[in-house]
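If you want the building blocks of each chain, they are given just below.
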Amino acid sequence: MPHLPESLLEIIINNLTSNLDRNSASLVNKQWYRIDRNTRRTVYVSNCHAVVPTRVIERFPNLRSLVLNGRSGVVYPRFVDNDWDGTVDPWVKVMSERCPMLEHLKLKRMVVSDQMLQMVSTCFRGFKSLVLCSCSGFTIVGLSAIASNCGNLERLEVERCAVVDHTGQWLRRFPETLSSLVSLNISCIRGLINPTDLSQLVARCPNLSTLSLRKTVSIDTIRRILMKSPQLVHLGVGCTLQNTQTSFLQLSLSLHNREPIQSLTFFHRIPTMLIHALYPVCSNLVFLNVRFAASLTIVELVNFIKKCTTLRRLWGIVGVPSEFTGNRFEEIALEMKVLKLCPTTVKTLKT
């Protein structure tokens, strides 16, 4: 279609949201290639070892969002060390020099240092989103730099990373003027969390829709957060602290008087009383994630699902040596068919 005006081609290509579709469109001819090069804002690199950072910038000089994968989740052959992870250092250094308008960065199975996180927080003026999944090498110091220096931060998600906060004060590093947070996932950060700092941070962000909390957050703190944030759509909870029966009752009552939660994730060992306290949100749930809930029994889970009349997706564990194994997950699927939760998709994920 060489006769189409370039402005129309740009509209067509910009409406392609899939990277695979954009890649295919760039192969049509040189004009399509040039338009894709100048307009692509999101770049996904499935293997950071397969391409150098300078080549990515040369190919897409106007990118705003970068997704980097390090070591693959599959087992490597014998001639490759399983500890062979990718480091983000060369990527951040090149991006800071040649792509200062970067706004979003997602890293998976990468080695990330505190120095690089500090560089990210200071070199990209409009930085908005950081997602770290199964990454290593950084501490709470690097996350504190992101919190204190990124004044327009919208998304901070730290998932399946080994991070410890010995002081419980790192949430104070978020500036009091910050009100742009949309998603906050701190479920894997070990150590105590100051409930006052957490409540104040959540209350300052009226657009916060996703919140995943550490297991050390008490039920009373969760209740206060829910009361201050009626706009929450996704909630991730897990509690191992001792809580009174009154706390669970007050949490259940508070859930009756707020906007419905549509997505729920369970972490760690979930007490039965917490499951019962969350019954009021069941009727509006469309997504339930129990991949990380090691202590849930089949009876508790099925009783919970019975109340989820609008459930569309259920994520569970396969191949984990616990009471909640693959065979029992199949029992849940059969039970759901009996309950006529249709259409419902049961998705099993291997960890």
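Coordinates for the structure precede this section.
Please read all numbers here as calculations on a predicted model, not as lab measurements.

**Points about helix 10 (residues 245–255)**
Taken residue by residue, helix 10 has Ser-247, Phe-248, Leu-251, Ser-252, Ser-254 and Leu-255 as its buried positions. Summarising the axial view, the buried residues of helix 10 lie within an arc of 165 degrees, below the 170-degree limit, and thus occupy one face. Of the exposed residues in helix 10, the ones pointing more than 90 degrees away from its buried face are Gln-245 and Leu-249. Next to the buried residues of helix 10 lie helix 9 (219–228) and helix 11 (272–277).

**Let's talk about the packing of aromatic side chains**
In the structure shown here, the tally under the stated rule is four aromatic pairs. Between the aromatic rings of Trp-170 and Phe-174, the centroid separation amounts to 5.8 Å while the plane-to-plane angle is 50 degrees, which identifies the pairing as tilted. What makes Phe-174 buried here is its relative accessible area of 3%. Clustering of aromatic rings is evident, with ring pairs tying together Phe-266, Tyr-279 and Phe-304.

**Details of helix 3 (residues 30–39)**
Those residues of helix 3 not exposed but buried are Gln-31, Trp-32, Ile-35, Asp-36 and Thr-39. Taken around the axis of helix 3, the buried residues stretch over an arc of 130 degrees, which confines them to a single face. Buried-residue contacts for helix 3 involve helix 1 (6–14), helix 2 (19–25) and helix 4 (53–59). The N-capping residue of helix 3, defined by a side-chain oxygen 3.0 Å from the backbone nitrogen of Gln-31, is Asn-29.

**Some thoughts on the pairing of strand 7 (residues 155–159)**
Here five bridges tie strand 6 (residues 129–133) to strand 7, and the two strands are oriented parallel to one another. Bridged to Val-131 within strand 7 is Glu-157. Tracing the backbone out of strand 6, into helix 7 (residues 140–149) and back to the parallel element strand 7 gives a crossover that is right-handed.

**Here's the deal with the layout of surface pockets**
Here the second largest pocket defines a volume of roughly 300 Å³. Surrounding the second largest pocket, 13 residues form its lining, Asn-23, Arg-40, Val-43, Tyr-44 and Phe-60 being those nearest its centre. At the level of elements, helix 2, strand 1 (42–45) and helix 4 are the ones that each hand at least two residues to the lining of the second largest pocket. Classifying every residue of the lining of the second largest pocket gives seven nonpolar, three polar and three charged.

Parameters and conventions
- Residues numbered from 1 in each chain as written.
- Predicted model: local features only at pLDDT ≥ 70, side-chain atom pairs only at ≥ 80, totals over all residues.
- Heavy atoms only, no water.
- Buried < 20%, exposed > 50% of the residue type's maximum accessible area, 1.4 Å probe, protein only.
- Helix = DSSP H or I, 4+ residues; strand = E, 2+ residues; numbered from the N terminus.
- Arc of directions from axis to C-beta.
- Contact = heavy atoms within 4.5 Å.
- Phe/Tyr/Trp six-rings, centres within 6.5 Å; stacked < 30°, edge-to-face > 60°.
- Polar contact = N/O pair within 3.5 Å; in protein donor to acceptor, adjacent residues only side chain to side chain.
- Pairing = 2+ DSSP bridges.
- Right-handed = clockwise from strand over helix to strand, strands pointing away.
- 1 Å grid on protein atoms, 1.4 Å probe; cavity = no way out; pocket = protein on both sides within 12 Å on 5 of 7 lines; lining within 4 Å.
- Points joined across faces, edges and corners; volume = space filled by probe spheres on them.
- Nonpolar A, V, L, I, M, F, W, Y, C, P; charged D, E, K, R; others polar.

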